[in-house]
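Single-letter residue listing:
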Amino acid sequence: VQLQASGGGLVQAGGSLRLSCTNSGRALSNIGMGWFRQAPGREREFVASIRLKNAWTYYADSVKGRFTISRDAAKNTVYLAMDMLKPEDTAVYYCAADQSGLYRLSPRPADYDSWGQGTQVTVSS
């Protein structure tokens, strides 16, 4: 798995962005994919995760109802659609893969073994 995140940028509060995470390595179906974010001076925090096989999803309470994680198997890509953005959503966003084979939607960064580079999301007030 080789992950490449993209789609970040500068947006006003209330706006939208869509992040993409493309796997340029061998395509795997029975894995979990997650989005995390890290703001300056803060720990990396869970945003959302998805099982590629059945598209089960799990969200952090802080983004539930505003963010949507999805996948396109044909493109080996996972998306994070972010709506109603708030200044507190400002962070570097990372995608990651959980290749353990365990059937889980983990919110723990330690459960993910492959990470893409981050993409900056800045929400102005």
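First, a word on what this report is: a plain description of the structure on this page. (Residues numbered from 1 in each chain as written. Predicted model: local features only at pLDDT ≥ 70, side-chain atom pairs only at ≥ 80, totals over all residues. Heavy atoms only, no water.)

## A few points about the overall build of the protein
Okay, so step 1: When its secondary structure is counted, the protein shows 0 helices and 11 strands.
Okay, so step 2: Radius of gyration (C-alpha) of the protein: 13 Å, near the 14 Å computed for a compact globule of 125 residues.
Okay, so step 3: Seen through its C-alpha atoms, the protein measures out along the principal axes to roughly 40 × 25 × 25 Å.
Okay, so step 4: In the protein, buried positions account for 42% of the 125 residues.
Okay, so step 5: Taking the average location of the 14 positive side-chain charges in the protein and that of its 10 negative ones, the two points are 5 Å from each other. (Helix = DSSP H or I, 4+ residues; strand = E, 2+ residues; numbered from the N terminus. Rg over C-alpha atoms; globule rule 2.2 N^0.38 Å. Buried < 20%, exposed > 50% of the residue type's maximum accessible area, 1.4 Å probe, protein only. Lys, Arg positive; Asp, Glu negative; His and termini not counted. Charge placed at Lys NZ, Arg CZ, Asp CG, Glu CD.)

## Things to note about the state of the cysteines
Okay, so step 1: The final tally for this structure, using the stated rule, is 1 disulfide.
Okay, so step 2: Here Cys 21 engages in a disulfide with Cys 95; their sulfurs sit 2.1 Å apart. A torsion of 70° about the S-S bond marks the disulfide between Cys 21 and Cys 95 as right-handed. Here the residue Cys 21 occupies a position in strand β3 (residues 17–23), and Cys 95 occupies one in strand β9 (residues 91–98), the gap between them amounting to 74 residues. (Disulfide = S-S within 2.5 Å.)

## Remarks on the pattern of salt bridges
Okay, so step 1: Summed over all chains, the structure comprises 7 salt bridges.
Okay, so step 2: A salt bridge links Arg 37 to Asp 89; the shortest N-O distance between them is 2.9 Å. Here Arg 37, found in strand β4 (residues 32–38), pairs with Asp 89, found in the loop between β8 (77–82) and β9; they are 52 residues apart in sequence, far enough to count as distant.
Okay, so step 3: Judged by relative accessible area, Arg 37 falls into the buried class, the value being 6%.
Okay, so step 4: Between Arg 104 and Asp 98 there is a salt bridge whose closest N-O contact spans 2.8 Å.
Okay, so step 5: Taken together, the salt bridges that share partners define one network made up of Arg 37, Glu 45, Arg 66 and Asp 89. (Salt bridge = Lys/Arg side-chain N within 4 Å of Asp/Glu carboxyl O.)

## Quick notes on the pairing of strand β7 (residues 67–72)
Okay, so step 1: Where β7 and β8 come together, 6 bridges link them in antiparallel fashion. Of the residues in β8, the one forming a bridge with Arg 71 is Val 78.
Okay, so step 2: If you look at the hairpin formed by β7 and β8, you'll find 4 residues sitting between the two strands, and Asn 76 has a positive phi there, around 55°. (Pairing = 2+ DSSP bridges.)

## Quick notes on the environment of Gly 9
Okay, so step 1: Note that Gly 9 resides in strand β2 (residues 9–12).
Okay, so step 2: For the pair formed by Gly 9 and Gln 120, sequence separation is 111 residues and the distance between their alpha carbons is 6.2 Å.
Okay, so step 3: If near-sequence neighbours (up to four positions away) are discounted, Gly 9 is found in contact with Leu 17, Gln 120, Val 121 and Thr 122. (Contact = heavy atoms within 4.5 Å.)

## Let's talk about the nonpolar core
Okay, so step 1: By size, the foremost hydrophobic cluster in this structure holds 33 residues, and its most contacted members are Met 33, Trp 35, Leu 80, Met 82 and Tyr 93.
Okay, so step 2: If you list the elements that add at least two residues to this core, you get β1 (3–6), β3, β4, β5 (45–51), β7, β8, β9 and β11 (119–124).
Okay, so step 3: Every residue in contact with Leu 80, bar those within four places of it in the chain, is listed here: Leu 17, Arg 18, Leu 19, Trp 35, Val 47, Ala 48, Phe 67, Thr 68, Ile 69 and Tyr 93. (Core = buried A, V, L, I, M, F, W, Y, C linked by side-chain atoms within 4.5 Å.)

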